[in-house]
Amino acid sequence: MSTFVIGYYALLLTASTAAAYFNKRQPFMMLFSLTLVSFIVGIIGGAGALRAIAFAAAALALAAMVSYAFREFLINIVGRELGKELRTAPLTAAFGMFVIFVYAIAGIFAPWIAPHGEAEVISSAFAPADANMLLGADQLGRDMFSRLVYGTRNSVGLALTATIAAFVMGAGAGLLAATKGGWFDNFMGRFADVIMSIPSLIFALLMLSIFGPSMPVIIIAVAIIYAPRVFRLTRAVAGNVVVMDYIEAAKLRGEGTGYLIRREILPNSTAPLIAEFGLEFCFVFLLVAGLSFLGLGIQPPTADWGSMVRENATLISFGEITPLIPAAAIALLTVAVNFVVDWMLHRSSGLKE
Amino acid sequence: MPKKKEVLLKIRDLKIQGYSDETWVDIIKGVDLTLHRGEVMGLIGESGAGKSTIGAAAMGYARDGTRITEDSSIEFDGMELTTATEGERRALRGARIAYVAQSAAASFNPAHKIIDQHTEAPLQYRLKKRMEAQEDAVDLYNRLRLPNPAEIGFRYPHQVSGGQLQRAMTAMAMSCRPDLIIFDEPTTALDVTTQIEVLAAIRDIVEQFNTAALYITHDLAVVAQMADTIKVLLKGSEVEEAPTAEMLSNPKEDYTKSLWAVRSFESPQRFRKEGATPLISVKEVDAAYSAGPKILNNVSFDIHEGMTVAVVGESGSGKSTCARVITGLLPPQKGEILFKGEPFPADYRQRNKDQLRQCQMIYQMADTALNPKVKISEIIGRPAQFYSGLKGAALKARVDELLDLIELDPSKYYNRYPPELSGGQKQRIGIARALAAEPSFIICDEVTSALDQLVAEGILRLLDRLQNELNLAYMFITHDLATVRSIADEVIVMQHGKVVEQGPKDDMFKPPHHPYTDLLLSSVPEMDPNWLSTLLEERGVDNLGDAAAAKIDPNDAKIVR
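Rules used throughout
Residues numbered from 1 in each chain as written. Chains lettered and ligands numbered in written order. Predicted model: local features only at pLDDT ≥ 70, side-chain atom pairs only at ≥ 80, totals over all residues. Heavy atoms only, no water. Helix = DSSP H or I, 4+ residues; strand = E, 2+ residues; numbered from the N terminus. Rg over C-alpha atoms; globule rule 2.2 N^0.38 Å. Buried < 20%, exposed > 50% of the residue type's maximum accessible area, 1.4 Å probe, protein only. Contact = heavy atoms within 4.5 Å. Areas by Shrake-Rupley, 256 points an atom, 1.4 Å probe, with all protein chains shown as cover. Phe/Tyr/Trp six-rings, centres within 6.5 Å; stacked < 30°, edge-to-face > 60°. Axes fitted to C-alpha atoms, helices over the stretch in contact; angles between N-to-C directions. Parallel < 35°, antiparallel > 145°, perpendicular 65-115°, else oblique. Nonpolar A, V, L, I, M, F, W, Y, C, P; charged D, E, K, R; others polar. Pairing = 2+ DSSP bridges. pLDDT = per-residue confidence, 0-100. Domains from an automatic or database assignment. Buried area = accessible area lost by both parts, 1.4 Å probe. Salt bridge = Lys/Arg side-chain N within 4 Å of Asp/Glu carboxyl O. Polar contact = N/O pair within 3.5 Å; in protein donor to acceptor, adjacent residues only side chain to side chain. Core = buried A, V, L, I, M, F, W, Y, C linked by side-chain atoms within 4.5 Å. Expected span 1.5 Å × (residues − 1). Arc of directions from axis to C-beta.

When you look at the overall build of chain B in this model, what are you seeing that I'm missing?
Tallying secondary structure elements over chain B gives 25 helices and 21 strands in all. Against the 2.2 N^0.38 benchmark of 24 Å for 561 residues, chain B shows a C-alpha radius of gyration of 25 Å, consistent with a compact globule. Its C-alpha atoms give chain B principal-axis dimensions of roughly 70 × 60 × 45 Å. Sorting the 561 residues of chain B into buried and exposed places 55% on the buried side. Sequence-distant contacts in chain B: of pairs separated by 6 or more residues, those separated by 24 or more amount to 69%. On chain B, roughly 23700 Å² of surface is accessible, and the fraction owed to carbon and sulfur atoms is 49%.

Laid out in structure tokens, this is it:
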């Protein structure tokens, strides 16, 4: 038996005994069941499998430490009120915020971070990774890492713009419908139904093949697809607010619709809307990536994660994981945003304990 | 009446903590309580005194975010609840300790029939077979004097009125013949006429089965009817405890005395000026919600400058609809509203700013009447800005002046948000918002019914002072006759959308009354522990609330048309 294996079991057993001694029920159960699992995995898979487990645990611990430190960092730099809110965030949410923060930095400072240009051909096709190219080259010999960094800017930027557009349209119409009521409400509701009845991918493909795949067309098409869902949510949330007595008081004061929406209704519906924003952002992001994968999204040579997966897909047959890296970037962002949204939903739903 | 028998519930040094601002804060600060079998104890105190928390703790239950500290002891029939397992405590609940919640309408599951919910506990604990439990339920309904006892259980909760639902809930609590029932403000949400039915029913059944009860309420007169002993609580600590009669006649602590003295406030009666044009006059108004039945039927009354007109009646009598017609939220089908002799546009959208400002409203629930996301300074400042066009320093000065008027310190409250205030403070902000418009007429819709008596009295005194200073007219919608007695100048009694009687206050409280007024007046609990018994003897158990209202003879000589 190698020293690694001996150390591995020794550490696990010491830790679980310590947990049991100090009466920490949950950590003990976790550590000891891990020990039992490790016995079996060790017999079947040998030292390699144990190494994998140790590596996964270390990665998890690292992520937890980073999230914990990042949360403390955020609490310290924001004001008191916001700091109190942040303290309620679980580690998963802190991890999500950290990932979003990293993506934001990568997107904003892309030209300075990326070692090579977005469309710069610097080596042969599918060149392996070396000191110059962190992740190797793509099918035309461009640096994969640089394109990934630029891709953050393009893919995330596009998805963000489209989501904001969808929210401006949907939330605006929803608030207006809830406040006005009557035929306007009915008309908007049926209009939203009509849009929702068209399959979204087909609608997007249709729009893109009619108007050509340019950035503005993608943004508008995606915004139109997602606006009705935002409309429905906003109308439902605002519908609960407009029946409150303070709205009646404002109406009796003679306030106009603009004031009612801006000062009275909107501040009371932001929490679910922000949560919905995070959720919709993920869907929009995946739709945009999907469109790019089909070749109808962002056009080459602009770097974009969806099309990067498609262009390098052939490498999969050679056992390379390169095409999976942009896919993993998409997955990581989606998971991160969902972590943050979960926390916000939890807060806004009042399930505090 | 106290029966010194075996001790059922013994609470010693109960401390309950709540988690807020990242520390544990004491909510209940060491309360002792001893309850014998068959004894009824009243727990009273203002909101936040910890009455309901103690009630829940008697079942060994602490709400989410709170915990019972380890050195407290709750002993139920020899069993220590604080150290019992969750399973053991669960076995007690429903079977040996039952709970009757404040709002039966919110506590029944609307998707199941009443009797299905009633028989759930006996079946769960295998005490009875389904059919036995059902027969027992009918028997209990009978004892609680519910109409159609054989049939009422097979309805859904929404098909039954509030008072009946509250009695059905009491029957449900009785289903396993528990040793202890906790009543958490069971009649607070009910009208006086309905309340009396429920009170009589609860008292009867508790006596019949010799059940011990904790009766939680903030209404002294109610607790005086129900309890053998009364315990007064203030901010999580006990103030004093004594048998009911002694407590009423001879309270020891200052706080208790102040609670007892609350109903003493009375503003002097004002009279109409001869020949003056009324400020608001409602003329032969009929109103209904869209295609529904008529809510108001030929309603006419006048409100004069600087006077308070109280509109009383049980819920559903059209009081609030009347207010909606005057404010223009509900244009009447027939008739009109005159303001100083000039017709007021029927729809608020057609009124101009000056007409809108004249008539302001103060709402029952301050929680929903103030936008929780807007600062106090803006809530009060907006009407001043909107109507008078004040800006900057002038606006700030006006807001400070208004905060001073309602007796809140401007520097402290200027930048706060409504959720940070207590119920009474919120209601004051609601008043300030109405005043900011500089109105001549304010509609007060049940403004004190959600408040504790001490706080409510403060609000009434404030309203009265403001009326004298600013020459305001109030339309005071209420179902609480004590409030009417303290603040009103004229009284209007409504029933089924009609005005049954109106006149100056002093005349209204003197007989002869319209039979309905009489019923309302005699249903208000008094601070005499024998009041309910006396009343029951006079009227008979079957002549209470709805039953009595239905028996009013339409051709009674005292009904004036």
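Any chance you could explain the packing of aromatic side chains here in plain terms?
For any pair of aromatic rings, the description rests on two quantities: the centre-to-centre distance and the angle between the ring planes. Residue and element names in this part refer to chain A. Tallied over the entire structure, the rule returns 19 aromatic pairs over all chains. Seen from their ring centres, Tyr8 and Tyr9 are 5.4 Å apart, and the 85 degrees between their planes marks the pair as edge-to-face. Judged by relative accessible area, which is 14%, Tyr9 ranks as buried. Geometrically, the ring pair formed by Phe95 and Phe339 is edge-to-face, given 6.4 Å between the ring centres and 65 degrees between the ring planes.

Teacher, can you tell me more about the packing of helix α9 (residues 192–208) of chain B against helix α24 (residues 531–539) of chain B here?
Working note: a packed helix pair is described by the angle between its axes plus the distance between those axes. All names here are of chain B. At a closest axis distance of 11 Å, the pairing of α9 and α24 adopts a crossing angle of 105 degrees. With respect to their mutual orientation, α9 and α24 come out roughly perpendicular. Contacts between α9 and α24 involve Ile196, Leu199, Ala200 and Arg203 from the first element and Trp531, Leu532, Ser533, Leu535 and Leu536 from the second. Grouping the amino acids of the contact of α9 with α24 by side-chain chemistry returns seven nonpolar, one polar and one charged.

How do you make sense of the packing of helix α4 (residues 91–108) of chain A against helix α6 (residues 144–180) of chain A when you look at a structure like this?
Residues and elements named next belong to chain A. It is at 8 Å that the axes of α4 and α6 come closest, and there the two elements cross at 100 degrees. If you check the angle between α4 and α6, you find them roughly perpendicular. Along its contact with α4, which presents Tyr103, Ala106, Gly107 and Ile108, the element α6 presents Val149, Thr152 and Arg153. Considering only residue class, the contact of α4 with α6 consists of four nonpolar, two polar and one charged.

Before we go on, may I ask you to explain the sheet that holds strand β20 (residues 490–495) of chain B in this structure?
Strand pairing in a sheet takes place through backbone hydrogen bonds and is either antiparallel or parallel in direction. All names here are of chain B. Spatial strand order, β17-β18-β19-β14-β20-β21: six strands in an open sheet with mixed pairing. Taken across any chain shown, the strands that pair with only one partner, and hence form the sheet edges, are β17 (359–362) and β21 (498–504). Neighbour to neighbour, the strand axes of the sheet diverge by 20 degrees on average, direction disregarded. Bridging between strand β14 (residues 308–312) and β20 involves four bridges; their strand directions are parallel. Bridging from a neighbouring strand, Val311 pairs with Ile492 of β20. Packing of helix α19 (residues 423–436) onto the sheet brings it into contact with β17 and β18 (441–445), and relative to β17 it is tilted by some 175 degrees.

Mind showing me how you'd approach the confidence of the model for chain B here?
When pLDDT drops low, the exact placement of atoms in the prediction is not to be read closely. Residue and element names in this part refer to chain B. For chain B, per-residue confidence averages 82 on the pLDDT scale, and residues scoring 70 or more make up 94% of the total. Low pLDDT (under 50) marks residues 557–561, which in the prediction has six contacts with non-local residues, meaning those over four places away or in another chain. Scored by ipTM, the complex comes to 0.74, with pTM at 0.76.

Looking at this structure, I do not really get the domain arrangement of chain A. What am I missing?
Reports of interface size often rely on the accessible area that becomes lost once the parts have come together. Once the domains are mapped, chain A shows domain 1 (3–87) and domain 2 (112–348). For domain 1 of chain A and domain 2 of chain A, the distance between their C-alpha centroids amounts to 35 Å.

It is not clear to me how the sheet that holds strand β15 (residues 334–339) of chain B should be interpreted in this structure. Could you clarify?
Residues and elements named next belong to chain B. Strand order in this open sheet of four strands is β13-β12-β15-β16, and the pairing throughout is antiparallel. Whereas interior strands pair on both sides, the edge strands pair on one side only; in this sheet they are β13 (294–303) and β16 (342–343). The sheet contact formed by strand β12 (residues 280–288) and β15 spans five bridges and is antiparallel. Bridge assignment links Ser281 to a residue of β15, and that residue is Leu338.

Looking at this structure, I do not really get the pairing of strand β5 (residues 73–76) of chain B. What am I missing?
Regular strands show a simple pattern: their side chains alternate between the two faces of the sheet. All names here are of chain B. Direction of pairing for strand β1 (residues 7–20) relative to β5: antiparallel, over a ladder of four bridges. Each bridged residue has a counterpart across the sheet, and for Lys10 the counterpart in β5 is Glu75. Taken together, the two bridges between β5 and strand β6 (residues 79–80) define a ladder with antiparallel strand orientation. Bridge pairing links Phe76 to Met79 in β6. What sits between the antiparallel neighbours β5 and β6 is a turn of two residues, in which Asp77 has the positive phi angle 50 degrees.

Looking at this structure, I do not really get the domain arrangement of chain B. What am I missing?
Residues and elements named next belong to chain B. Per the domain assignment, the segments of chain B are domain 1 (7–260) and domain 2 (280–371 + 426–526). Counting from both sides, the interface comprises 17 residues of domain 1 and, opposite them, 13 residues of domain 2. Among the residues of domain 1 in contact with domain 2, Asp191, Val192 and Thr193 are the three that bury the most area, contributing 41% of the side total. For the pair domain 1 and domain 2, the interface holds zero salt bridges. Taken together, the links from domain 1 to domain 2 amount to zero residue pairs in polar contact (both at pLDDT 80 or more). Considered class by class, the residues forming the side of domain 1 that touches domain 2 number eight nonpolar, six polar and three charged.

Looking at this structure, I do not really get the nonpolar core. What am I missing?
Among soluble globular proteins, nonpolar side chains are generally buried collectively. Residues and elements named next belong to chain B. In this structure, Tyr141, Phe183 and Tyr215 are the most contacted members of the largest nonpolar core, which totals 53 residues. Per element, the largest residue contribution to this core is eight residues, and it comes from α9. Tyr215 has contacts with Val40, Met41, Gly42, Leu43, Phe183, Pro186, Thr187, Leu199, Val222, Val223 and Met226, leaving out every residue within four places of it along the chain. Among the nonpolar cores identified, the runner-up in size contains 51 residues, and Ala310, Ile406, Leu435 and Met508 belong to it.

Quick question: what am I supposed to make of the interface of chain A and chain B here?
Each partner contributes residues to the interface: chain A has 18 residues there, and chain B has 25 residues. Contact between chain A and chain B buries roughly 2000 Å² in total, counting both sides, with carbon and sulfur atoms accounting for 52%. Linking chain A with chain B are three salt bridges, by the criterion used here. With a closest N to O distance of 2.6 Å, B:Glu378 and A:Arg263 form a salt bridge. Of all the secondary structure elements, the ones that give two or more residues to the side of chain A that touches chain B are α3 (80–87), α10 (245–253) and α11 (257–265) of chain A. Looking at which element gives the most residues to the side of chain A that touches chain B, the answer is α10(A), with seven residues. Classifying every residue of the side of chain A that touches chain B gives six nonpolar, two polar and 10 charged.

Could you clarify how one ought to interpret the pairing of strand β9 (residues 212–217) of chain B in this entry?
Residue and element names in this part refer to chain B. Of all six residues making up β9, six are buried, and the element is well covered by its neighbours. Here strand β8 (residues 180–184) pairs with β9 via five bridges, running parallel. Within β9, the position partnered with Phe183 by the bridge is Tyr215.

Just checking my understanding: could you explain the pattern of salt bridges for this structure?
Any two side chains of opposite charge can pair, so long as their charged atoms come close to each other. Residues and elements named next belong to chain B. Per the counting criterion, the structure on display carries 41 salt bridges over all chains. The residue Glu86 makes a salt bridge to Arg93 at a minimum N-O spacing of 3.4 Å. Classification of Arg93 by relative accessible area gives buried; the value is 18%. Several salt bridges share partner residues, and in doing so they unite Glu6, Arg37, Asp77, Arg96 and Asp179 into one network.

Explain unusual backbone geometry here, please?
It is generally the case that most residues other than glycine have a negative phi and that most peptide bonds are trans. All names here are of chain B. The backbone phi angle of Glu185 is positive, close to 50 degrees, even though this residue is not glycine. By the element assignment, Glu185 lies in the loop between β8 and α9. By relative accessible area, which is 8% here, Glu185 ends up buried.

Would you take a moment to explain α4(A) for this structure?
Note: α-helices contain 3.6 residues per turn, so residues at a spacing of three or four share the same orientation. Its 18 residues place the ends of α4(A) 26 Å apart at the C-alpha level, agreeing with the 26 Å of an ideal helix rising 1.5 Å per residue. Within α4(A) the residues assigned to the buried category are A:Ala93, A:Ala94, A:Gly96, A:Met97, A:Val99, A:Tyr103, A:Ala106 and A:Gly107.

Would you explain helix α8 (residues 200–211) of chain A in this entry?
Residues and elements named next belong to chain A. Along its 12 residues, α8 runs 16 Å from first to last C-alpha, staying within 8% of the 16 Å computed at 1.5 Å per residue. Along α8, the residues classified as buried are Phe203, Ala204, Met207 and Leu208. Taken around the axis of α8, the buried residues stretch over an arc of 125 degrees, which confines them to a single face. Residues of α8 that are exposed and angled more than 90 degrees away from the buried face: Ile202, Leu206, Ser209 and Ile210. The inward-facing, buried residues of α8 abut α9 (215–242) and α12 (270–293). Following α8 by one or two positions, Gly212 has its phi on the positive side, about 85 degrees.

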